[in-house]
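Architecture at a glance
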Amino acid sequence: ALDDLRRASELANAGHDASPTTELPAVVAAIVAIGLGDVAAAHTILDDALGARQGGARWLPHLQLWNAWVALQREQPAEARALLTAATEGTRLSPRDDLIAAAIAVGLARRYDDTPTLEATWESVKSRATRPEIDLYLLLPLGELVIVAARLGDAHWTQAVFD
């Protein structure tokens, strides 16, 4: 299925289609690639989509956030931080994108910062963890939030969303 999804993303890139959609083909393909353990393919798919401005300007922060998520999975914290900053500076994110941004922020803190920084980051984002309706596309970021909440003894914040 990954090859078909990659082709769908490439067609969306070539078509410059900016019509409404539930999720961009590049993101669906990247999530599948991550699930298969192929973060390099996810990175390539999202980079190509960013270069082609898949979905138009309104989807740019969304693509940057997913590319930041992939950079986090590829153990590229500087790239993940840069993409997170680019996606969030001067932009009001949708609740779904805000949850992804929160997951990236705590993921970076969990992997690369000390415990006080993780605690401060969690405090600044935990209320964002329960705002959006969770769908299959948000399971990866939700998993990060659940892990951090459990690690910090604050699992009740994510329990209802996780359930």
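Residues numbered from 1 in each chain as written. Predicted model: local features only at pLDDT ≥ 70, side-chain atom pairs only at ≥ 80, totals over all residues. Heavy atoms only, no water.

This brings us to the layout of surface pockets. Estimated volume of the largest pocket: approximately 160 Å³. Looking at the largest pocket, the residues that line it are Arg58, Trp59, Pro61, His62, Thr91, Arg92, Leu93, Ser94, Arg96 and Asp97. Listed by contribution, the elements that provide at least two residues to the lining of the largest pocket are α4 (60–73) and α6 (95–112). Considering only residue class, the lining of the largest pocket consists of three nonpolar, three polar and four charged. (1 Å grid on protein atoms, 1.4 Å probe; cavity = no way out; pocket = protein on both sides within 12 Å on 5 of 7 lines; lining within 4 Å. Points joined across faces, edges and corners; volume = space filled by probe spheres on them. Helix = DSSP H or I, 4+ residues; strand = E, 2+ residues; numbered from the N terminus. Nonpolar A, V, L, I, M, F, W, Y, C, P; charged D, E, K, R; others polar.)

Quick look at the side chain of Glu23 now. Within the secondary structure, Glu23 is located in the loop between α1 (2–15) and α2 (25–35). Among the polar contacts made by the side chain of Glu23, one reaches the side chain of His62 at a distance of 2.6 Å. Those residues in contact with Glu23, other than ones at most four positions away along the chain, are Val28, Trp59, His62, Trp66, Arg96 and Tyr137. (Polar contact = N/O pair within 3.5 Å; in protein donor to acceptor, adjacent residues only side chain to side chain. Contact = heavy atoms within 4.5 Å.)

Moving on: the environment of Leu84. In this fold, Leu84 is placed in helix α5 (residues 77–88). You can call Leu84 buried: its relative accessible area is 15%. Setting aside residues up to four positions removed in sequence, Leu84 forms contacts with Leu65, Ala68, Ala101, Ile104, Ala105 and Leu108. (Buried < 20%, exposed > 50% of the residue type's maximum accessible area, 1.4 Å probe, protein only.)

In this section: the pattern of salt bridges. Scanning the entire structure with this criterion turns up nine salt bridges. Across the salt bridge formed by Glu144 and Arg110, the nearest N and O atoms sit 2.7 Å from each other. In this pair, Glu144 sits in helix α8 (residues 139–151) while Arg110 sits in helix α6, placing the two residues 34 residues apart along the sequence. A salt bridge links Glu144 to Arg111, with the shortest nitrogen-to-oxygen separation between them at 3.1 Å. In this pair, Glu144 is assigned in helix α8 and Arg111 in helix α6, connecting sequence segments 33 residues apart. For Arg111, a relative accessible area of 31% translates into the label partly exposed. (Salt bridge = Lys/Arg side-chain N within 4 Å of Asp/Glu carboxyl O.)

Counting residues in each nonpolar core, the largest one holds 46 residues, and the members touching the most others are Leu46, Leu63, Leu65, Ile104 and Leu145. Of the residues forming this core, the biggest block, nine residues, is contributed by α6. When near neighbours in sequence (up to four residues on either side) are disregarded, Ile104 contacts Leu65, Ala68, Trp69, Leu72 and Leu84. (Core = buried A, V, L, I, M, F, W, Y, C linked by side-chain atoms within 4.5 Å.)

The phi dihedral of Arg53 is positive, around 55°, even though this residue is not glycine. Following the sequence through the fold, Arg53 ends up in the loop between α3 (39–52) and α4. We note that Glu75 has phi near 60°; this positive angle belongs to a residue other than glycine. Inspection of the secondary structure puts Glu75 in the loop between α4 and α5.

Turning next to the side chain of Asp97. In this fold, Asp97 is placed in helix α6. Although Asp97 is buried, it makes no salt bridge; Arg96 carries the closest opposite charge, 5.5 Å away. Leave out the neighbours within four places in its chain, and Asp97 touches His62 and Leu65. (Lys, Arg positive; Asp, Glu negative; His and termini not counted.)

Below, the discussion takes up the confidence of the model for the protein chain. Across the protein chain, pLDDT averages 89, with 94% of residues at or above 70. Across the protein chain, the element-wise mean pLDDT spans from 70 in α1 up to 98 in α5. (pLDDT = per-residue confidence, 0-100.)

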